[in-house]
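Each chain, written out:
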Amino acid sequence: MKPETYLRRRICDMIRREFPDAWVYHPAFMLRAGLPDLFICYRGRFIGLEVKTPIGTINPLQRYTLDEIKRCGGVGEFVRSVDEVRNVLKEIKTLDNKK
């Protein structure tokens, strides 16, 4: 298994355990170039995550797509670890709890 695939699997496992009300979709095959590796709907928010290993790099199209997700009101993040994803989801939960 490729390191990035293993990291995506660990991220999905953590989300299922710690954020069971989050919906996660990870396309087996890319629908089009530049789309994030994981789509998540959590607490009414659309989240696109581009997952890379510590040595992986994000290309300009992937960066553009994450920026477009943000421009449309979603959360678009480039992440390298399970902890980074956990922090993104905890921040959303915290913001919702302050409402």
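You'll find the structure just up there.
These numbers were taken from a predicted model, which means no experiment stands behind them. (Residues numbered from 1 in each chain as written. Predicted model: local features only at pLDDT ≥ 70, side-chain atom pairs only at ≥ 80, totals over all residues. Heavy atoms only, no water.)

> I would appreciate a short explanation of the environment of M14 in the present structure.
As for its placement among the helices and strands, M14 is situated in helix α1 (residues 3–18). Sequence-distant contacts of M14, defined by excluding residues within four places in its chain, comprise F19, V82, V85 and R86. (Helix = DSSP H or I, 4+ residues; strand = E, 2+ residues; numbered from the N terminus. Contact = heavy atoms within 4.5 Å.)

> How should the sheet that holds strand β3 (residues 45–51) be read in this particular structure?
Whenever strands of a sheet pair, they do so through backbone hydrogen bonds, lying parallel or antiparallel. Ordered by their spatial adjacency, four strands build an open sheet running β1-β2-β3-β4, and the pairing between neighbours is mixed. At either margin of the open sheet sits one strand with a lone partner, and together these are β1 (23–25) and β4 (75–79). With strand direction ignored, the average angle separating the axes of adjacent strands in the sheet is 20°. The sheet contact formed by strand β2 (residues 38–42) and β3 spans five bridges and is antiparallel. Residue pairing across strands places L38 opposite L49, the latter belonging to β3. (Pairing = 2+ DSSP bridges. Axes fitted to C-alpha atoms, helices over the stretch in contact; angles between N-to-C directions.)

> I tried to follow the side chain of T53 on my own but got confused; where do I start?
Its place among the elements puts T53 in the loop between β3 and α2 (60–71). With sequence-adjacent residues up to four places away left out, T53 is seen in contact with P3, E4, L7 and R80.

This is a description of form; function is not addressed.
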